[in-house]
Every structure is written in C-alpha cells, then in structure tokens.
Amino acid sequence: MKLTTKEITVFAMLGAVMYASKIVMEFAPNIHLLGVFTISFTVVYRKKALYPIYIYVLLNGLFSGFSAWWVPYLYIWTVLWGAVMLLPKKIPKWIQPFVYMAVCAIHGFSFGTLYAPVQAVLFGLSFEGMIAWIVAGLPWDFLHGISNFFCGILIMPIVTVLRLAERCTQKN
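Caption draft 1: Just the overall build of the protein chain, in detail. Assigned secondary structure in the protein chain consists of seven helices and zero strands. When its helices and strands are written in sequence order, the protein chain yields α-α-α-α-α-α-α. Its C-alpha atoms give the protein chain a radius of gyration of 17 Å, near enough to 16 Å, the size a compact globule of 172 residues would have. The proportion of buried residues among the 172 residues of the protein chain is 43%. Partitioning the contacts of the protein chain with sequence separation of at least 6, the portion at a separation of at least 24 is 74%. Carbon and sulfur atoms form 76% of the exposed surface of the protein chain, whose accessible area is close to 9400 Å². The distance from the centre of the 12 positive side-chain charges to the centre of the 5 negative ones in the protein chain is 19 Å.

Caption draft 2: Geometry of the confidence of the model for the protein chain. For the protein chain, the average pLDDT comes to 96, and 99% of its residues sit at 70 or higher. Per-element mean pLDDT across the protein chain ranges from 92 in helix H7 (residues 155-171) up to 98 in helix H2 (residues 34-45).

Caption draft 3: Expanded view of the packing of H2 against helix H4 (residues 73-86). The N-to-C vectors of H2 and H4 enclose an angle of 40 degrees; their axes lie 9 Å apart at closest approach. With respect to H4, the element H2 is oriented oblique. Crossing handedness for the pair H2 and H4: right-handed. Taken together, the residues of H4 that come into contact with H2 (itself represented by Leu34, Gly35, Thr38, Ile39, Thr42 and Val43) are Trp77, Leu80, Trp81, Val84 and Met85. When the residues that make up the contact of H2 with H4 are grouped by side-chain class, the tally is eight nonpolar, three polar and no charged.

Caption draft 4: Structural context of the packing of aromatic side chains. Enumeration over the complete set of coordinates arrives at 16 aromatic pairs. Taking the centre distance of 5.1 Å and the plane angle of 85 degrees together, the rings of Phe11 and Tyr45 count as edge-to-face. Within this pair, whereas Phe11 is found in helix H1 (residues 5-24), its partner Tyr45 is found in helix H2, the two being separated by 34 residues in sequence. Looking at Phe11, the relative accessible area reads 2%, which means it is buried. Here the aromatic residues Tyr56, Trp69, Tyr73, Trp77, Phe111, Tyr115 and Trp133 are joined through ring pairs into a cluster of three or more.

Caption draft 5: Fine view of the packing of H1 against helix H3 (residues 50-64). Relative orientation of the contacting elements H1 and H3 amounts to 50 degrees, with a least axis distance of 8 Å. Taken together, the axes of H1 and H3 lie oblique to each other. Here H1 runs over H3; the crossing is right-handed. Judged by residue contacts, Phe11, Ala12, Leu14, Gly15, Ala16, Met18, Tyr19 and Lys22 of H1 engage Tyr51, Pro52, Ile53, Ile55, Tyr56, Leu59, Asn60, Phe63 and Ser64 from H3. Looking at the contact of H1 with H3 residue by residue, the classes come out as 13 nonpolar, three polar and one charged.

Caption draft 6: Region of the structure containing the environment of Gly112. By the element assignment, Gly112 lies in helix H5 (residues 96-123). A relative accessible area of 11% means that Gly112 is categorised as buried. Taking the C-alpha atoms as reference, Gly112 lies 8.4 Å from Trp133; in sequence the two are 21 residues apart. What Gly112 contacts, discounting residues up to four positions off in sequence, is Trp133, Ile134 and Asp141.

Here is what the cut-offs are and how they apply
Residues numbered from 1 in each chain as written. Predicted model: local features only at pLDDT ≥ 70, side-chain atom pairs only at ≥ 80, totals over all residues. Heavy atoms only, no water. Helix = DSSP H or I, 4+ residues; strand = E, 2+ residues; numbered from the N terminus. Rg over C-alpha atoms; globule rule 2.2 N^0.38 Å. Buried < 20%, exposed > 50% of the residue type's maximum accessible area, 1.4 Å probe, protein only. Contact = heavy atoms within 4.5 Å. Areas by Shrake-Rupley, 256 points an atom, 1.4 Å probe, with all protein chains shown as cover. Lys, Arg positive; Asp, Glu negative; His and termini not counted. Charge placed at Lys NZ, Arg CZ, Asp CG, Glu CD. pLDDT = per-residue confidence, 0-100. Axes fitted to C-alpha atoms, helices over the stretch in contact; angles between N-to-C directions. Parallel < 35°, antiparallel > 145°, perpendicular 65-115°, else oblique. Left-handed = near helix turned anticlockwise from the far one by under 90°. Nonpolar A, V, L, I, M, F, W, Y, C, P; charged D, E, K, R; others polar. Phe/Tyr/Trp six-rings, centres within 6.5 Å; stacked < 30°, edge-to-face > 60°.

Set out below in structure tokens:
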C-alpha cells in the first residue's frame, strides 16, 4: 500500500480531525464521532483507512498518555474497520445509511465487551471479574450504542464529501 504525498497529507489531516472531534466531544461521555469517521474512511479509502485510524490512535496516546486504557485502542477501531470491510461494496444506495448506522451502533454496544479482555489481562481479573466489569459498563455501552446509531446519520454525508474531494483532486 504505497502512499502518495497527497494521501499522506490527507490521512494525517483525517486522523487529526478524528482526534479533534474526540476532544470537542469529551464533555459528553461515550458520545463521539469516532465510529462515524472510522466507517466513513473505510467506505471511501478501504484498506488505506487504517492510516488515519492509527494516526488518531497514536495522537490519543501522545496527548493522553500510553497507559492501560490506551492498549485496547490498538485493536478496537480495527474491529469496526474489519466489519465494514466485510460488508459488500455494492450495498443498494437506499439502505446504505441504515446498514452503516447499525454497524456503528453495534460497535458502540459492544465496546465494553471488546475492551474487557485486555483490561482483564492487564489488571489480573478472573473470567468472572471480566464479566462483572462488562456488566458494570452496560449502561455506558447502551448510551454508546444509541449515540453511535444517531451520530451514524452523518456517515453518508461524510462519505459523499470525501468522494467529491477525491474526484476534485484527481482532476488537478
């Protein structure tokens, strides 16, 4: 996956936009646009979407610290990326928003469960302790999933803008 100078620049900016959106939304716990951006970038850039996603992950570590909370970020966004990569490329246009909103919501609902195994290993939790950790986080995962669903309304507009920008830069 060789990158052009333009792609390096665009992906750096998109990763920075992801990070900035997280900072702007920190006043509202578990409500953010990270899933929206991850899905949008994956729909448009496919495999190369991993670049802005991991720029975001790196920025998160650099500015907030590379500690135990950060370790699951090394894979948790890749799970969402992989789910979108497994979707057919030719989803009928009328159903695309609903499919992407549903995938975004499912990722939000399962965030704590995806996060838990690493936390269990890092903090020495038993299987039962890990399950208790997941159950304790269910209200937050519920909020996360619902907010991801409604924020997912922005996925197709972002995809449209990114594709338009790609077409405009290819002409020049």
